Protein chains: 2
Amino acid sequence: MKACGLIVEYNPFHNGHKYHFESSKEKTNADVTVAVMSGSFLQRGEPAIIDKFHRTKAALSHGVDIIIELPFVYAVQYADLFAHGSVQLLSSLGVDTVCFGSEEGSIEPFKDAYKTYIKNEKKFKKKLHENLDLGQSFPTASRNAYDEIGLVSNTIDLGQPNNILGFSYVKAAASMPNQINVDTIQRTKSGYHDPTINEDIASATSIRKEIISVNELTKGAIQALPDATIEQLKAYQRENGQWHDWSYYFPFLRYLIETKSIEELQQIHGMEEGLEYRMKQTIKEADDFEGWMKLLKTKRYTWTRIQRVLTHLLTNTKKEEIESIKKLEEAPYIRILGMSKNGREFIQQQKKQLDQPLIANLQEFEHPMLQIEERASDAYYSVLSSTQKKRMKKQELTGPILL
Amino acid sequence: MKACGLIVEYNPFHNGHKYHFESSKEKTNADVTVAVMSGSFLQRGEPAIIDKFHRTKAALSHGVDIIIELPFVYAVQYADLFAHGSVQLLSSLGVDTVCFGSEEGSIEPFKDAYKTYIKNEKKFKKKLHENLDLGQSFPTASRNAYDEIGLVSNTIDLGQPNNILGFSYVKAAASMPNQINVDTIQRTKSGYHDPTINEDIASATSIRKEIISVNELTKGAIQALPDATIEQLKAYQRENGQWHDWSYYFPFLRYLIETKSIEELQQIHGMEEGLEYRMKQTIKEADDFEGWMKLLKTKRYTWTRIQRVLTHLLTNTKKEEIESIKKLEEAPYIRILGMSKNGREFIQQQKKQLDQPLIANLQEFEHPMLQIEERASDAYYSVLSSTQKKRMKKQELTGPILL
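Reading the values: the criteria
Residues numbered from 1 in each chain as written. Chains lettered and ligands numbered in written order. Predicted model: local features only at pLDDT ≥ 70, side-chain atom pairs only at ≥ 80, totals over all residues. Heavy atoms only, no water. UniProt positions renumbered as here; feature names shortened; annotations may be inferred. Phe/Tyr/Trp six-rings, centres within 6.5 Å; stacked < 30°, edge-to-face > 60°. Lys NZ or Arg CZ within 6 Å of the ring centre and 35° of its normal. Contact = heavy atoms within 4.5 Å. Buried area = accessible area lost by both parts, 1.4 Å probe. Salt bridge = Lys/Arg side-chain N within 4 Å of Asp/Glu carboxyl O. Polar contact = N/O pair within 3.5 Å; in protein donor to acceptor, adjacent residues only side chain to side chain. Helix = DSSP H or I, 4+ residues; strand = E, 2+ residues; numbered from the N terminus. Domains from an automatic or database assignment. Nonpolar A, V, L, I, M, F, W, Y, C, P; charged D, E, K, R; others polar. Buried < 20%, exposed > 50% of the residue type's maximum accessible area, 1.4 Å probe, protein only. Least-squares fit on C-alpha atoms with pLDDT ≥ 70 in both.

- As recorded in an unreviewed UniProt entry, chain A goes by the name tRNA(Met) cytidine acetate ligase, listed as coming from Halalkalibacillus sediminis.
- Per UniProt, the comment on chain A under Catalytic activity (unreviewed entry) is "cytidine(34) in elongator tRNA(Met) + acetate + ATP = N(4)-acetylcytidine(34) in elongator tRNA(Met) + AMP + diphosphate".
- UniProt's Sequence similarities (unreviewed entry) comment on chain A is quoted here verbatim: "Belongs to the TmcAL family."

Here you go:
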């Protein structure tokens, strides 16, 4: 069976994702699709709007065959680490081609860019550090360093968010011990950060923003979401009274900043360059999450960077934990969140040749990475009542979802 | 001016406290009364029903002249450390006599008991440790050790909660460098733990229990509370929508137990003998605070002991912090929460001979003990909205209350 790999968040699964999945399957001529999906928290440092299992159900209903979990330790990181964690899981599972959406839309410029990059890797790293030392934010420093080795103007536009991620996938794929191909499809109209919904293809950000602000599914959102997603969003809200958003976690963040010492805050992954002092100072003035973020944000501390630090604060993720994860060549397990009948056949076929155990729930295997996963999931559910939390967490201890 | 010292929690100030204050002043023939009062958290390991400043206002209105704060590091401790912190502050301020309420009601038996105790101190300590090693709870082990040196049957009943505290005051007073006298008055009818309100003298526990359960002032409570307390309780509820009770803090406790590692939990003051494992295990099953406490409680882990540990967990108070406080001979500052005109005269008179600075707010002095006070206050207010919290905390940064 020929397998196509997708790297996704499905937060939530919308028409653009459906298009990506269908086009990728067609383009790679695949028999089966495997999506590696982030769980409770996302790359931009945000809690997922609904839990991983409701999101898995929506994706399975619309034809994705297998959903595996991107471990939390990779999910809320800068592009290269995020890409390494994702591609490596797909590669371990024997996926033939990773197919990603990009603004560029064609794979050749990515491959050309990679050749240029490899030739100039040392120079790139030097430039990157110089730019960071100049006080540039990571995305800016990185884009400028790419520019300085001649990448941006000659090949792909690495100022575009999906091109950046895509380039990280290409780099990650090239470093895998098992060969894994890469391909890309053009992303449809709506931009990553586009704040309004005005077509049946809308960005996940705009959909979330709109429905969370009114706490119900709007007309625009319903137009942009496939049926199964609407069903799962409704089910989650019915069971738990809310969708997840940073605003609900603000009392916890405020409490943590105020009761932890500076030394304790400094242990948190990403807490650097005095951000801990800035957080302690600004929290006194903040009225809510949005207001606090505005007080925290500077040119150097981007919104995304701050949100990632807050995710690691909320989940009590320490610098040393992420450092020890970075040393791992491959994930110690592959966790299946859900699969279709077709997906099960593929898993049966691949099972014998896997190095890692295949697991479905948190209790099937012991590893620090899985303990961190459970902690992240507990932090994610901390805004629910105990009854709701117990019910939601049950799935983490049973699983997987079978279609 | 002759000063009478009272050691109080005023949670809230009720008719029994009014009686205690008036009788003590009369018995000691004092010109001025100084109460050392616990702030945000109380000796039995509970959040105060309303903040320290509203409680101070009620006490001042009913004639108490000076309210000083018992630092958090002493307030939520076993009787001897609680007593040491309290008596030492009164002694530093030049109070002549500490007068406490007790079941016994007469001071001679306490003095006799102290003589017996001093003669048998070594034996007592040995017995106490033996009893603890046998698995007895601290109160039981301590009472049995007193019994074994002939204290309980021959002098005072050290099975009674206020006799125990009183005996600790007597021991603390005897160890002060400045002479400070002790006296006692008989406590009125209602027992410390009496769960019902049925007279105009009721226990603070029964009053709190009754009004928190219905979130309003009941007829019985109004009968047991003087006017100023009723006014302050109403004002606090109007401003913040609630009175404080462990149930509001349960989401924070659950979050902390689930996201902290065993090693981090072990750093918390009072977290001993595997209580951290028991907490991690039982929190999964708990639906609310009361339910969790029932799962946690055993013969060895008394309700009070567990609540104290939870207070230290919520306020992030480490073992090493309390150990370093224990080494202090006297408090590094005296914080005045409020005073009457008469009280101000006394303070003016005593000011020159004080070793420590007199302060009113958290920003007037720098010391770890005061930082812990602020942390405890932030933890206490963590269940309020940011607007409410900012308003309530303002008083901590200004103060004192002047009548």
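Overview of the packing of aromatic side chains
All names here are of chain A.
Thought 1: In this structure the tally under the stated criterion is 37 aromatic pairs over all chains.
Thought 2: Members of the aromatic cluster, connected to one another through ring pairs, are Tyr-114, Tyr-117, Phe-124, Tyr-146 and Phe-167.
Thought 3: A cation over a ring is seen here: Lys-171 above Tyr-117, with NZ or CZ 4.6 Å from the ring centre.

Remarks on the interface of chain B and chain A
Thought 1: Contacts between chain B and chain A engage 31 residues on the former and 31 residues on the latter.
Thought 2: Summed over both sides, the interface of chain B with chain A buries roughly 2300 Å², with 42% coming from carbon and sulfur.
Thought 3: If you look at where chain B meets chain A, you find six salt bridges.
Thought 4: Taken together, the links from chain B to chain A amount to 23 residue pairs in polar contact (both at pLDDT 80 or more).
Thought 5: Contributing elements (two or more residues each) for the side of chain B that touches chain A: α12 (246-259), α16 (303-314), α19 (368-381) and α20 (386-396) of chain B.
Thought 6: Ranked by the residues each element gives to the side of chain B that touches chain A, the list is headed by α12 of chain B, at eight residues.

Examining the pattern of salt bridges
Thought 1: Under the criterion given, the structure shown has 42 salt bridges over all chains.
Thought 2: Notably, a salt bridge pairs Lys-171 of chain B with Asp-80 of chain B, separated by 3.1 Å at the nearest N-O pair. Separated by 91 residues along the polypeptide, Lys-171 of chain B in helix α8 (residues 161-174) and Asp-80 of chain B in helix α4 (residues 79-92) bring together distant segments of the chain.
Thought 3: For Glu-321 of chain B, the salt bridge identified is with Arg-375 of chain B, shortest N-O distance 2.9 Å. With Glu-321 of chain B in helix α17 (residues 319-326) and Arg-375 of chain B in helix α19, the pair connects residues that are 54 residues apart, well separated along the chain.
Thought 4: Several salt bridges converge on common partners, so that one network encompasses Lys-52, Glu-69, Arg-335, Glu-373 and Glu-396 of chain A.

Remarks on the domain arrangement of chain A
Note: interface size is frequently given as the accessible area lost on complex formation between the parts.
All names here are of chain A.
Thought 1: What the domain assignment lists for chain A is domain 1 (3-118 + 160-190 + 227-235 + 330-402), domain 2 (119-159), domain 3 (191-225) and domain 4 (246-323).
Thought 2: Listed per partner, the contact involves 16 residues of domain 1 and 14 residues of domain 2.
Thought 3: Carbon and sulfur atoms make up 62% of the surface buried where domain 1 meets domain 2, a total of about 1300 Å² over both sides.
Thought 4: Its largest share of buried area at the contact with domain 2, domain 1 owes to Thr-116, Tyr-117 and Gln-160, together 42% of the area lost on that side.
Thought 5: For the pair domain 1 and domain 2, the number of links is ten residue pairs in polar contact (both at pLDDT 80 or more).
Thought 6: Where the side of domain 1 that touches domain 2 is concerned, the elements lending two or more residues are α5 (107-119) and α9 (161-174).
Thought 7: Element by element, the count of residues in the side of domain 1 that touches domain 2 is highest for α5, at eight residues.
Thought 8: A per-class count over the side of domain 1 that touches domain 2 returns nine nonpolar, three polar and four charged.

A closer look at unusual backbone geometry
Among all residues save glycine, negative phi is the norm, and among peptide bonds the norm is trans.
All names here are of chain A.
Thought 1: Look at the link from Asn-11 to Pro-12: it is a cis peptide, with omega at -5°.
Thought 2: Mapped onto the elements of the fold, Pro-12 is located in the loop between β1 (3-8) and α1 (15-27).
Thought 3: Residues other than glycine seldom take positive phi values, yet Tyr-10 does so here, at roughly 45°.
Thought 4: Counting through the fold element by element, Tyr-10 comes out in the loop between β1 and α1.
Thought 5: Overall, the relative accessible area of 0% leaves Tyr-10 in the buried class.
Thought 6: A positive phi angle, close to 55°, is found at Asn-29, a residue other than glycine.

Comments concerning the relation of the copies chain B and chain A
There are two copies of the chain, and a rotation about an axis plus a shift along that axis relates them.
Thought 1: In screw terms, the move from chain B to chain A is a rotation of 180° and a rise of 0.0 Å along the axis, fitting with an RMSD of 0.0 Å. As the rotation angle and translation indicate, the two copies are arranged about a two-fold axis. Among all residues of chain B, the minimum C-alpha distance to the rotation axis is found for Phe-252 of chain B, at 3.6 Å.
Thought 2: Both copies share a contact surface, since 100% of the interface residues of chain B are interface residues in chain A too.

Details of the environment of Leu-225 of chain B
Residue and element names in this part refer to chain B.
Thought 1: Relative to the assigned elements, Leu-225 resides in the loop between α10 (219-224) and α11 (227-240).
Thought 2: Its relative accessible area of 3% is what places Leu-225 among the buried residues.
Thought 3: For the pair formed by Leu-225 and Ala-204, sequence separation is 21 residues and the distance between their alpha carbons is 9.5 Å.
Thought 4: Ignoring sequence-local partners within four residues, the contact set of Leu-225 consists of Pro-12, Phe-13, His-14, Asn-15, Ile-207, Leu-217, Ile-230 and Leu-233.

Here we look at the side chain of Gln-242 of chain B
Residue and element names in this part refer to chain B.
Thought 1: Relative to the helices and strands, Gln-242 resides in the loop between α11 and α12.
Thought 2: When its relative accessible area of 9% is taken as the criterion, Gln-242 is described as buried.
Thought 3: Setting aside anything within four residues of it in sequence, one finds Gln-242 in contact with Asn-215, Tyr-236, Gln-237, Tyr-248, Val-383 and Leu-384.

Here's the deal with the side chain of Asn-11 of chain B
Residue and element names in this part refer to chain B.
Thought 1: Of note, Asn-11 is situated in the loop between β1 (3-8) and α1 (15-27).
Thought 2: In this structure Asn-11 comes out as buried when scored by relative accessible area, which is 2%.
Thought 3: In this structure the side chain of Asn-11 is engaged in a polar contact, spanning 2.8 Å, whose partner is the backbone nitrogen of Ile-49.
Thought 4: For Asn-11, the residues in contact, after removing those within four places along its chain, are His-17, Leu-42, Ala-48, Ile-49, Arg-55, Ala-204 and Arg-208.

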